Amino acid sequence: MGGIVLDCERNLRWLERLAGLLAEQAGPLTELDAAIGDADHGINMERGFNAVKERVLAQAAGKDLGTVLKQVGTTLVSTVGGAGGPLYGTFFLRMGQSADGKSELDARELRDALAAGVEGVRQRGRAQPGEKTMLDALVPALEALDAALAAGSDNRAAWEAAARAAEEGSRATVPMLARKGRASYLGERSIGHQDPGATSSALLIRSLAEVVG
Amino acid sequence: MTVSLVVVSHSRRLAEGLAELVEQVVQGRVRVAFSGGAEDGRLGTSAADIRRALDEVDGPDGVLVLMDLGSAVMSAEVALEELPEERRRRTRLVDAPVVEGAVAAAVEASLGSELDAVARVAEQARSQPKLGG
């Protein structure tokens, strides 16, 4: 397991890639949100990550990983606008706290940073898996990562498993009844639509999987 | 000194209008700040802007924060967590209907009540019937 799976340069590549994916998928994410929410998730995430690019990534030279991740969180809580702001903001703040002062993370440290972020989302949203939220992508991703690492997979394979689990998890939100957020006001009518937050969470894990290893 | 209020909404106009409504009731006896809308003026909430509102009315007797829907609550929680420990202890997020709760809390605060009592009155606004008992 030894060896570095995420360093400063790869961290920046991850965040750039995630910003790119969110910009590319802003339309589809907003359409998903139009069905069961307030039709702004894609626009909001794109706006937040544009701010991340300008205010954090463009000035990240010489900063350690934890600092950059915390700055991403601070930027998102003030720029996204919708529920994604405090939820993704908390994700990156907690991940950054877990990586505090570090410039390189090994497999275990990156796993722990992800777990801290996921726990932050769970606490902030007072949600559990199965309620049609971001957690329905993030929790399966973390479980798949843990299972793969425990089985001795290499990092690349373990993160690929995590990305697939997140994508499957986001698709599995289609038949779920929303119990959190604006979608919960729809009750039974929320069934049959994929959750936008779980969908963007799968992009987060996918983009991270692309840079680790 | 008295307890201050911060009202948070996804809509800047809603937050501003509510602050206006409250101010009319308490006539300057209670400090009221509002935070509403995303950074670029669209609907939404911002933890940084909530922090600005908290800074505006902070005082030794504390601040009661009333919020509208989901992300307003979560953004307020983020803002609260970022406060220094001493201020966090005198800043309270309250689970209350935002309009009725804000008016009731402002009146209670104007009477010089402590933060716990002001928060309790805001919570009780939920069970106050509008169309008779």
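Computed from a predicted model, the values in this text were never measured in an experiment. (Residues numbered from 1 in each chain as written. Chains lettered and ligands numbered in written order. Predicted model: local features only at pLDDT ≥ 70, side-chain atom pairs only at ≥ 80, totals over all residues. Heavy atoms only, no water.)

Colleague: Could you give an account of the overall build of chain B, with specific residues and numbers?
Modeller: Of regular secondary structure, chain B possesses 6 helices and 4 strands. Along chain B, helices and strands appear, N-terminal first, in the series β-α-β-α-β-α-α-β-α-α. Relative to the globule expectation of 14 Å for 133 residues, the C-alpha radius of gyration of chain B, 14 Å, shows essentially globular dimensions. In terms of overall dimensions, chain B has a C-alpha envelope of 40 × 35 × 25 Å along the principal axes. Taken across its 133 residues, chain B has 52% of its residues classed as buried. (Helix = DSSP H or I, 4+ residues; strand = E, 2+ residues; numbered from the N terminus. Rg over C-alpha atoms; globule rule 2.2 N^0.38 Å. Buried < 20%, exposed > 50% of the residue type's maximum accessible area, 1.4 Å probe, protein only.)

Colleague: Before we move on, can you summarise the sheet that holds strand S3 (residues 63-67) of chain B with the specific residues and values?
Modeller: All names here are of chain B. Sheet architecture is open: 4 strands sit in the order S2-S1-S3-S4, paired in parallel fashion. Looking at strand neighbours, the two that pair on one side only are strand S2 (32-36) and strand S4 (91-94), the edges of this open sheet. Put simply, the sheet's adjacent strands are angled 20 degrees from each other on average, direction ignored. Contacting strand S1 (4-9) and S2, helix H1 (residues 12-26) crosses the sheet at an angle of about 165 degrees to S2. Sitting on the sheet, helix H3 (residues 70-81) is in contact with S1, S3 and S4, with an inclination near 165 degrees to S4. (Pairing = 2+ DSSP bridges. Axes fitted to C-alpha atoms, helices over the stretch in contact; angles between N-to-C directions. Contact = heavy atoms within 4.5 Å.)

Colleague: A description of the packing of aromatic side chains should follow, citing residues and the corresponding values.
Modeller: All names here are of chain A. Applying the stated criterion to the full structure yields 3 aromatic pairs over all chains. Ring geometry for tryptophan 14 against phenylalanine 92: centres 5.7 Å apart, planes inclined by 35 degrees, an arrangement best described as tilted. Pair noted here: tryptophan 14 is in helix H1 (residues 8-24) and phenylalanine 92 is in helix H5 (residues 84-98), with a separation of 78 residues, a long-range link. Looking at tryptophan 14, the relative accessible area reads 0%, which means it is buried. The interplanar angle of 80 degrees and the centroid separation of 5.2 Å between the aromatic rings of phenylalanine 91 and phenylalanine 92 together place this pair among those described as edge-to-face. Here the two residues phenylalanine 91 and phenylalanine 92 agree in accessibility, since each one is buried. Taken together, the ring pairs in this structure connect Trp14, Phe49, Phe91 and Phe92 into an aromatic cluster. (Phe/Tyr/Trp six-rings, centres within 6.5 Å; stacked < 30°, edge-to-face > 60°.)

Colleague: Could you give me a rundown of the interface of chain B and chain A, with the residues and numbers involved?
Modeller: With 19 residues of chain B in contact, the opposing surface of chain A contributes 19 residues. Here chain B packs against chain A, burying approximately 1,500 Å² in sum over the two surfaces, 47% of which is carbon and sulfur. Along the contact surface separating chain B from chain A lie 6 salt bridges. Salt-bridge contacts for Arg47(A) lead to Asp40(B); the nearest nitrogen and oxygen are separated by 2.7 Å. Top contributing element to the side of chain B that touches chain A by residue count: H3(B), with 7 residues. For the side of chain B that touches chain A, the per-class residue count stands at 7 nonpolar, 6 polar and 6 charged. (Buried area = accessible area lost by both parts, 1.4 Å probe. Salt bridge = Lys/Arg side-chain N within 4 Å of Asp/Glu carboxyl O. Nonpolar A, V, L, I, M, F, W, Y, C, P; charged D, E, K, R; others polar.)

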